[in-house]
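# Examining the three-dimensional arrangement
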Amino acid sequence: MSKILVTGGLGYIGSHTAVLLLESGHDVLIADDLSNSRAEVLGGIEAITGKRPAWENVDLSDAAATASFLGRHQDVDSIIHFAAYKAVGESVDRPLDYYQNNLGSLINLLNFVKTKPECAFIFSSSCSIYGQADELPIREDAKTKPPESPYGNTKKIGEEILRHAASAHDFKVIALRYFNPVGAHPSAKIGELPLGVPQNLVPFVTQSAAGLRGPLKVFGNDYPTRDGTCIRDYIHVVDIARAHLLAMERLVDGDGDSGPVEVFNLGTGAGSTVLEVLNAFTSATGVEMKWDFADRRPGDPAEVYADTQKATDVLGWKAELSLEQSMADAWRWQQSLRDS
Ligand code: UD1
């Protein structure tokens, strides 16, 4: 058993990862400032696992608060760092908040890891660092273009900070580049809690199907894809969470041998169009969606999906849950919110 700090552990991917860590017998400490999450998520984690992880409300972009927090938890063996702002549109309006929060918190945590280089560090990165790739599926060594948004840039710069810091201070890091995380825990006790009008496709679909929003706007029908709508690689959040355990085990076991920072794509390897997502939702739930075509959304690349061979070869990880399963779980979660 090891003690693992999960930053942002009350958020969407963090809470699912905390569940798997607890189920695997680890001791979990959550740091989360509730800026995009709720304390009740602890109850959801406890309902699934029978264990209530320790939680502290810490602003990790505050250097003094982070140093004091970690000073009280010198015994952490691993840090899985999810805590970050993640709304692409908002990042365009508030770039300085995004750079300060996402990069400040990373630097503050690394100042601790520098003093304890045996501490495994897992970083939440994103496929948004690739922009519109020249070749599909996208491999980890694809040439990246400047990210479209400040959010994407915080992930790209975050990886660069990790490379320099891990080389200089001799610690090991794994950065996991998520494609489009969707779905919820099959128990429907934790899931995504978007505040306000969801900007991402699947939360909008479930809220629209539940009657909380109007018809879905499908952004663009003239992309050069099989049905004219954009293609993305939608991956179940539990599959994403599982990869974090494998990545952590790799670092703790000392198996990381390809440089200070290893990066892995986390996707299914297959892309789905927006219309295919809507069909999967209806076939998984029996619920018909109302939708209309609308103009393209600025900045949306036509097609993004992952080459996941490296994660399979090195981590022994592969996505296992289908798009239909993601849709069924996302819908069950939406319904549980209505009942709560
Ligand atoms: C965005 C971010 C990505 C982040 C992901 C999950 C970029 C370019 N993308 O991905 O980094 O990891 O969110 O948070 O930075 N769509 C509609 N109608 C809607 C909403 C979406 O048709 O109401 C379409 C979009 O045009 C897109 C697809 O659905 O083709 C998925 O959109 P979305 O869920 O917002 O994710 P991405 O933009 O792919």
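## Brief notes about the packing of helix α1 (residues 12–23) against helix α8 (residues 237–252)
- The N-to-C vectors of α1 and α8 enclose an angle of 60°; their axes lie 8 Å apart at closest approach. Classified by the angle their axes make, α1 and α8 are oblique. Crossing angle aside, the handedness with which α1 passes α8 is right-handed. Between α1, through Tyr12, Ile13, His16, Thr17, Leu20 and Leu21, and α8, the contact on the second element is made entirely by Val237, Val238, Ile240, Ala241, Arg242, His244, Leu245 and Met248.

## Notes on the nonpolar core
- Leu21, Ile30, Ile45, Ile122 and Leu176 are the most contacted members of the largest nonpolar core, which has 42 residues in total.
- When residues of this core are assigned to their parent elements, the largest contribution, nine residues, is made by α8.
- Counting 25 residues, the second-largest nonpolar core is a separate cluster that includes Leu60, Leu162, Ala165 and Val263.

## Quick notes on the packing of aromatic side chains
- Under the definition given, this model contains four aromatic pairs.
- Measuring from ring centre to ring centre gives 6.2 Å for tyrosine 130 and phenylalanine 179, while their planes differ by 35°; the resulting arrangement is tilted. Here the residue tyrosine 130 occupies a position in the loop between β5 (120–126) and α6 (150–169), and phenylalanine 179 occupies one in the loop between β6 (173–178) and β7 (180–182), the gap between them amounting to 49 residues. Just as tyrosine 130 is buried, phenylalanine 179 falls in that class too.
- Both rings, one in tryptophan 291 and one in phenylalanine 293, keep their centres 5.0 Å apart while their planes meet at 75°; by these two values the pair is edge-to-face.
- Take tryptophan 291: its relative accessible area is 33%, and that puts it in the partly exposed class.
- We classify phenylalanine 293 as partly exposed; its relative accessible area is 38%.

## Examining the site of the ligand
- Inspection of the region around the ligand gives 19 residues, with Leu201, Lys217, Arg232, Arg297 and Asp300 positioned closest.
- At 3.1 Å from an oxygen atom of the ligand is found a side-chain nitrogen or oxygen belonging to asparagine 200.
- Take phenylalanine 219: an N or O atom from its main chain is 2.9 Å from an oxygen atom of the ligand.
- In isolation the ligand offers 730 Å² of accessible surface; the protein chains occlude 89% of this area.
- Take the shell around the ligand: its biggest share by element is four residues, from strand β8 (residues 216–219).
- Split into classes, the residues belonging to the shell around the ligand amount to ten nonpolar, five polar and four charged.

## Digging into the packing of helix α5 (residues 95–113) against α6
- Where α5 contacts α6, the axes come no closer than 10 Å and their chain directions differ by 25°. Put simply, α5 runs roughly parallel to α6. Taken as a pair, α5 and α6 cross one another with a handedness that is right-handed. Across from Pro95, Tyr98, Tyr99, Asn102, Leu103, Leu106, Ile107 and Leu110 in α5, the residues of α6 making contact are Pro150, Tyr151, Asn153, Thr154, Ile157, Gly158, Ile161, Leu162 and Ala165.
- Classifying every residue of the contact of α5 with α6 by side-chain character gives 13 nonpolar, four polar and no charged.

Reading the values: rules and limits
Per chain, the residues get numbers from 1 upward, laid out in the order the sequence is written. Predicted model: local features are reported for residues with pLDDT of at least 70 only, side-chain atom pairs are reported and counted for 80 or more only, and whole-chain, interface and lining totals are derived from all residues. Heavy atoms throughout the structure, all of them, feed into the side-chain values; hydrogens and water do not. Axes, fitted as lines to C-alpha atoms, cover a helix only where it is in contact. Angles between the N-to-C directions of the axes lie from 0 to 180 degrees. Strands here mean DSSP runs of E at least two residues long; helices mean DSSP runs of H or I at least four residues long; both are numbered from the N terminus. Roughly parallel means an angle under 35 degrees; roughly antiparallel, over 145; roughly perpendicular, 65 to 115; everything else is oblique. Crossings are assigned a handedness: left-handed for a near helix turned anticlockwise from the far helix by less than a right angle, right-handed for a clockwise turn. The contact definition used throughout considers only heavy atoms, calling two residues in contact when any of these lie within 4.5 Å. Only buried residues count toward a nonpolar core. Its members are Ala, Val, Leu, Ile, Met, Phe, Trp, Tyr and Cys residues joined through side-chain atoms within 4.5 Å. Using a 1.4 Å probe on the protein chains alone, a residue whose accessible area is under 20% of its type maximum counts as buried, one over 50% counts as exposed, and one in between counts as partly exposed. Aromatic rings from Phe, Tyr and Trp, taking only the six-membered ring of Trp, are treated as a pair when their centres fall within 6.5 Å; an angle between ring planes under 30 degrees marks them as stacked, one over 60 as edge-to-face, and anything in between as tilted. By convention in this text, a residue qualifies as near a molecule or strand provided that one of its non-hydrogen atoms is within 4 Å of it. The definition of a polar contact used here is a pair of N or O atoms within 3.5 Å, where within protein one atom must be able to donate a hydrogen and the other to accept one, and adjacent residues in sequence count solely through side-chain atom pairs. All accessible-area figures derive from a Shrake-Rupley calculation using a 1.4 Å probe, and residue coverage is judged against the displayed protein chains alone. Under this grouping Gly is polar, as are all residues other than the nonpolar Ala, Val, Leu, Ile, Met, Phe, Trp, Tyr, Cys and Pro and the charged Asp, Glu, Lys and Arg.

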